[in-house]
Structures are given as C-alpha cells and as structure tokens.
Amino acid sequence: MIEEAPALRSRLWAIAQEVQADLEAALREETGAADDDPLPHLMAGQVGWAHSTVMTVIGREMAKGRNPREVSREVLGLLDDIEDLLNEKVLNYAVRGAR
C-alpha cells in the first residue's frame, strides 16, 4: 500500500527526516557537542539506518503472514549482525554514565 501511494511515501520520508534531526539534537545535547561537530549527525544516521533496516524486515515478513514470534527471533539475529558491523566508537557513543 505504501509503495503505491506517493503522498504517503513522501510523508513517511519527511517523518524519518524529522526523527533523525530530533535524534541528532538529543545526541548533541547529551554529549555537549558543538554546533559544527558532525558526529551527532553521523551517529543519528547510524541509528536511523539500523531502525530502518529492522522495520523494513519486520514489515516485509509480517506482510507474508509469518508468525510474529518467529519474526522477532530472526530480527534479534539481525540486530546482532548490525551490531557486528558497527565499531566501538558507534556502539559507545553517548552512553549515559560514561562521561
């Protein structure tokens, strides 16, 4: 349904951009990063990528009528794979209590 509705697709893209901007602002505030520091933007992009990947897989598999328990187990494996792709700098960025 979404793929066939350009207005809906466009709105979802806009929402995703707003979410990333809000996450960047939160990361900037949490870390005390300067306005010209690109790291909060890059980190928000990494979180956005992981979220988008997970949500796409969940949506695709649920549209096939799969069992939610099976899908959730598979997605946990996907999250492990995503974690393996990220380095320590990303995984340890803005961890509360780490300052």
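Structural data are supplied above this passage.
As the structure is a computational prediction, the values presented were derived from the model and not from experiment.

So, about helix H2 (residues 39-63). For H2, which comprises 25 residues, the first-to-last C-alpha distance of 36 Å matches the rise-based estimate of 36 Å (1.5 Å per residue) to within 8%. Along H2, the residues classified as buried are Pro-40, Met-43, Ala-44, Ala-50, Val-54, Val-57 and Glu-61. Looking at the packing, one finds that the buried side of H2 touches helix H1 (6-31), helix H3 (68-85) and helix H4 (88-91). In the stretch just after H2, Gly-65 is the one whose phi turns positive, near 80 degrees.

Now for a negative patch on the surface. On the surface, Asp-80, Asp-81, Glu-83, Asp-84 and Glu-88 cluster together to form a negatively charged patch. A per-element tally of the negative patch places H3 first, with four residues. With respect to the secondary-structure elements, Glu-88 resides in helix H4.

With that settled, the discussion passes to the layout of surface pockets. As a volume, the second largest pocket reaches approximately 210 Å³. Considering the residues around the second largest pocket, the lining is formed by Leu-23, Leu-27, Met-43, Gln-46, Val-47, Ala-50, His-51, Leu-86, Val-90, Leu-91, Tyr-93 and Val-95. The set of elements that each furnish at least two residues to the lining of the second largest pocket consists of H1, H2 and H4. Of the residues forming the lining of the second largest pocket, the biggest block, five residues, is contributed by H2. Considered class by class, the residues forming the lining of the second largest pocket number 10 nonpolar, two polar and no charged.

In this section: the nonpolar core. Listed in full, the seven residues of the largest apolar core are Ala-50, Val-54, Val-57, Val-71, Val-75, Ile-82 and Leu-86. Of all elements in the fold, only H2 and H3 reach the threshold of two or more residues within this core.

A few words now on H1. Look at H1: 37 Å from first C-alpha to last across 26 residues, which is about the 38 Å you get at 1.5 Å a residue. Buried residues of H1: Glu-24, Leu-27 and Arg-28, and no others. Buried residues along H1 sit in contact with H2. Phi turns positive one or two residues past the end of H1, at Gly-32, with a value near 70 degrees.

Within the fold, Arg-28 resides in helix H1. Not counting chain neighbours up to four residues away, the residues in contact with Arg-28 comprise Ala-33, Ala-34, Asp-35, Asp-37, Pro-40 and His-41.

As a further point, take unusual backbone geometry. Here the phi dihedral of Ala-94 falls at roughly 60 degrees; this positive angle occurs in a residue that is not glycine. Of note, Ala-94 is situated in the segment after H4.

What counts and how
Residues numbered from 1 in each chain as written. Predicted model: local features only at pLDDT ≥ 70, side-chain atom pairs only at ≥ 80, totals over all residues. Heavy atoms only, no water. Helix = DSSP H or I, 4+ residues; strand = E, 2+ residues; numbered from the N terminus. Expected span 1.5 Å × (residues − 1). Buried < 20%, exposed > 50% of the residue type's maximum accessible area, 1.4 Å probe, protein only. Contact = heavy atoms within 4.5 Å. Patch = residues over 30% accessible without salt bridge, like charges linked within 9 Å, V, L, I, M, F, W, Y side chains within 5 Å. Areas by Shrake-Rupley, 256 points an atom, 1.4 Å probe, with all protein chains shown as cover. Salt bridge = Lys/Arg side-chain N within 4 Å of Asp/Glu carboxyl O. Lys, Arg positive; Asp, Glu negative; His and termini not counted. Charge placed at Lys NZ, Arg CZ, Asp CG, Glu CD. 1 Å grid on protein atoms, 1.4 Å probe; cavity = no way out; pocket = protein on both sides within 12 Å on 5 of 7 lines; lining within 4 Å. Points joined across faces, edges and corners; volume = space filled by probe spheres on them. Nonpolar A, V, L, I, M, F, W, Y, C, P; charged D, E, K, R; others polar. Core = buried A, V, L, I, M, F, W, Y, C linked by side-chain atoms within 4.5 Å.

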